[in-house]
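Coordinate inspection notes
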Amino acid sequence: MNTIRVTTDDGLTLHTEITLPERLPAPAVLVRTPYGASAHRQEATGWAKRGYAAVVQDVRGRYRSAGSWVPYTHESGDGAAAIAAIAASEWCDGRVVCLGSSYSAHCALVAAAANPGPVAAIAVAVPALSPRRVARDRNGAPRFYGHSWWWFQHGQGRTSSPCPIHDASPNEPGVLGILPAIELPRAAGAHAAGLSLPWVRDGLPDSSPVPLDAPPPAGIPPAPLLVLAGLHDVFRDDALDLADDWPVRADVVVGAWQHDLGLVHREADAALRRHPAHRIKPGPVIASWLERTLRDPDATTPGSRHFALEGTGAWARPAPARHLLSCPLSATRTRFVADPYHPHPSALGPVDVHDISRREDLARFVSDPVRIATDVVGRMVVRLSGLAAHTLGGEAVRGPLDWCVRVALRPAPADRDHTGASLLQLGHALVRTPDSRARVELPLVARRLHPGARIEVHVSAHQFPLYARDPQDGTEPLTATRLRPARRQVLRANVELPLAELAPDPTEPKEALR
């Protein structure tokens, strides 16, 4: 491992490590990271063994790079400077591959857009595309816990810090219980001035849905793109939006991953018993795709889609033509009392929510048993009607309210050993509306429903701490200074399942992408 000097347009030096292969010149792989270049040395060695010049750079203001760290601010110009320095080096054959996951995916995309000439390919995984897409979900609701967690741990200072909300829970929220919620940075004693910016519109905190910015940056380079998405990653829909809007070839692999791509054990993984065919690592997939792409750089050929179909061991390619199957539901509870000081809890990942479903602070709807094996691939839609809320004294609540929707699968008894759960969460979303009806689009799912399984839909007033608590008086959750309990009502619900004809693919994605 050696270092090279990369200087930004304003004269700062960015710490840049290189690991070279035996044969030179070679195509270069560039990773720009806020998490420390030294953490990527094993990865860099792996790329060098495959014949690539591996370049890993600390972004501005992080670890050993000069300057001040302001997330999502300098990556375009700094990345362009890095590409130029690499392409001009004698050990590079002139081809640069921009590579990154999470925040580094943003770095890869904007750098390639700013200096597209040398860029031969782009590969990104679980992409955190922009501040707004990180801080808000697909329906526009502010992500209270997830966005705050990242900002406290990684968004301030030269190195990452212990997170003050890491162990927060609905019963012991710690600083997450601060009112108003927008004061969270001050309450945590953190210098995180930019944390709340994506939650602000027209100068005021706002939890209502807002249009999301277009995922691809302006001036996209005409380079092939590989996108890796996780079925249990919070950014899975952003990843698919990126690929769908890419103007040239974009290949997509959607695995049974969370945000860590299966590389780090998390407690939530314990409830997800993945089929052995789905336990693949991202590195070989990216390497196979790069080998093919650099050998045949034609960016005009159609892209491919490979989905891990959960409930099976199959990898499948969904056909473009899809339709929604309306699934009627029977109500087992339509009225409940929601107490923001004892809020309905959120659940991360594909976890067993059997105990949560037994709580009384939710409306619950259940389908009939599935009769035949049904493949669901896409975004489920839940439609609610008869929405209403009253104070405990009987006064109607006027104004917008949060309605949190969870869709879960109750497997047939014969399948429970496979799923490892009595009631497996498939997805959740929040919609804020003053109306008596609501349409809620949930994130991507890819799963086979086996005969005997049932779908459950739970509707609550809160999913805390993922989302800030609704004060239940029509006022803004981020700025509320008081909370009150309310009686809630959901009279009817149905779920629309996206069905797709699937072309089974007996090969793993790394082989199919060769």
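Here is what the cut-offs are and how they apply
- In this convention, every chain numbers its residues from 1, walking through the sequence in written order.
- Restriction of local features to residues with pLDDT of at least 70 applies here, the model being predicted, together with a cutoff of 80 or more for giving and counting side-chain atom pairs; totals for whole chains, interfaces and linings are based on all residues.
- Only hydrogens and water are set aside when side-chain values are computed; all heavy atoms of the structure are taken into account.
- Secondary structure follows DSSP: runs of H or I at least 4 residues long count as helices, runs of E at least 2 residues long count as strands, and numbering of each begins at the N terminus.
- A simple rule labels every residue: compare its accessible area, found with a 1.4 Å probe on the protein chains alone, to the largest value its type can have, and call it buried under 20%, exposed over 50%, or partly exposed in between.
- The criterion used for residue contact is that any of the two residues' heavy atoms lie within 4.5 Å.
- In protein, a polar contact requires one atom able to donate a hydrogen and another able to accept it; more generally it is a pair of N or O atoms within 3.5 Å, and residues adjacent in sequence count only if both atoms are side-chain atoms.
- Between N-to-C directions, angles span 0 to 180 degrees; the directions come from axes that are lines fitted to C-alpha atoms, helices contributing only their stretch in contact.
- Orientation categories follow fixed angle ranges, with anything under 35 degrees roughly parallel, anything over 145 roughly antiparallel, 65 to 115 roughly perpendicular, and all other angles oblique.
- Note on convention: near helix rotated counterclockwise from far helix by under a right angle means a left-handed crossing. Clockwise means right-handed.
- Residue classes follow a fixed rule: Ala, Val, Leu, Ile, Met, Phe, Trp, Tyr, Cys and Pro count as nonpolar, while Asp, Glu, Lys and Arg count as charged, and any other residue, Gly among them, counts as polar.
- To estimate how far a helix should reach, multiply one less than its number of residues by 1.5 Å.
- Strands pair, by our definition, only if DSSP identifies at least two bridges between them.
- To pair, rings of Phe, Tyr and Trp, with the six-membered ring standing in for Trp, must have centres within 6.5 Å; the planes then decide the type, stacked if under 30 degrees apart, edge-to-face if over 60, and tilted in the middle.
- Each ring is checked for a lysine NZ or an arginine CZ that lies within 6 Å of its centre and within 35 degrees of its normal; such an atom marks a charge sitting over the ring.

Some remarks on the overall build of the chain
Counting secondary structure elements, the chain contains 11 helices and 23 strands. Counting only residues that meet the buried cut, the chain has 58% of its 514 residues in that class. Counting contacts in the chain only where the partners sit at least 6 residues apart, residues at least 24 apart contribute 78% of the total.

Details of the side chain of Thr312
Within the secondary structure, Thr312 is located in the loop between strand S11 (305-309) and strand S12 (314-328). Of the polar contacts made by the side chain of Thr312, one reaches the backbone nitrogen of Ala314; its length is 2.9 Å. Those residues in contact with Thr312, other than ones at most four positions away along the chain, are His275, His278 and Arg448.

Here's the deal with the packing of helix H2 (residues 75-87) against helix H3 (residues 103-114)
One can describe the packing of H2 onto H3 by two numbers: an axis separation of 7 Å at closest approach and a directional angle of 70°. By the criterion of interaxial angle, the relationship of H2 to H3 is roughly perpendicular. Like other packed secondary-structure pairs, H2 and H3 cross with a definite hand, here right-handed. Residues Glu75, Ser76, Gly79, Ala80 and Ile83 of H2 lie in contact with H3, whose contacting residues are Tyr103, His106, Cys107, Val110, Ala111, Ala112 and Ala114. Partitioned by chemical class, the residues of the contact of H2 with H3 number 8 nonpolar, 3 polar and 1 charged.

Here's the deal with H2
Its 13 residues place the ends of H2 18 Å apart at the C-alpha level, agreeing with the 18 Å of an ideal helix rising 1.5 Å per residue. Along H2, the residues classified as buried are Glu75, Asp78, Gly79, Ala80, Ala81, Ala82, Ile83 and Ile86.

Details of the sheet that holds strand S19 (residues 424-433)
Here we have 5 strands laid out as an open sheet, ordered S13-S15-S21-S18-S19, and antiparallel in their pairing. Every interior strand has two partners, whereas the edge strands, strand S13 (330-333) and S19, have only one. Each adjacent strand pair in this sheet contributes to an overall mean axis angle of 20°, direction not counted. Of the strand pairs in this sheet, strand S18 (residues 401-410) and strand S21 (residues 454-460) are connected by 7 bridges, and their pairing is antiparallel. Residue pairing across strands places Ala408 opposite Glu456, the latter belonging to S21.

Side note on the packing of aromatic side chains
Counted under the stated rule, the structure contains 5 aromatic pairs. Ring geometry for Trp69 and Tyr103: centres 5.5 Å apart, planes at 75°, overall edge-to-face. One end of the pair, Trp69, is in the loop between strand S4 (53-58) and H2; the other, Tyr103, is in helix H3, and 34 residues separate them in sequence. Judged by relative accessible area, Trp69 falls into the buried class, the value being 10%. For Tyr103, a relative accessible area of 1% puts it in the buried group. Clustering of aromatic rings is evident, with ring pairs tying together Trp69, Tyr72, Tyr103, Trp150 and Trp151. Over the ring of Phe464 we find Arg469, and its NZ or CZ is 5.1 Å from the ring centre.

Here's the deal with unusual backbone geometry
Following Leu24, the chain continues into Pro25 via a peptide bond in cis, with omega recorded as 0°. Residue placement: Pro25 occurs in the loop between strand S2 (13-19) and strand S3 (26-33). Across the junction of Phe464 and Pro465, the peptide omega takes the value 15°, indicating a cis bond. Residue position: Pro465 is located in the loop between S21 and strand S22 (486-489). Positive phi outside glycine occurs at Tyr63, with the angle close to 50°. Here Tyr63 lies in the loop between S4 and H2. For Tyr63, a relative accessible area of 28% gives the class partly exposed. We note that Gln472 has phi near 65°; this positive angle belongs to a residue other than glycine. Its location among the elements puts Gln472 in the loop between S21 and S22.

Interpretation note: all reported values are geometric properties and have no functional meaning in isolation.
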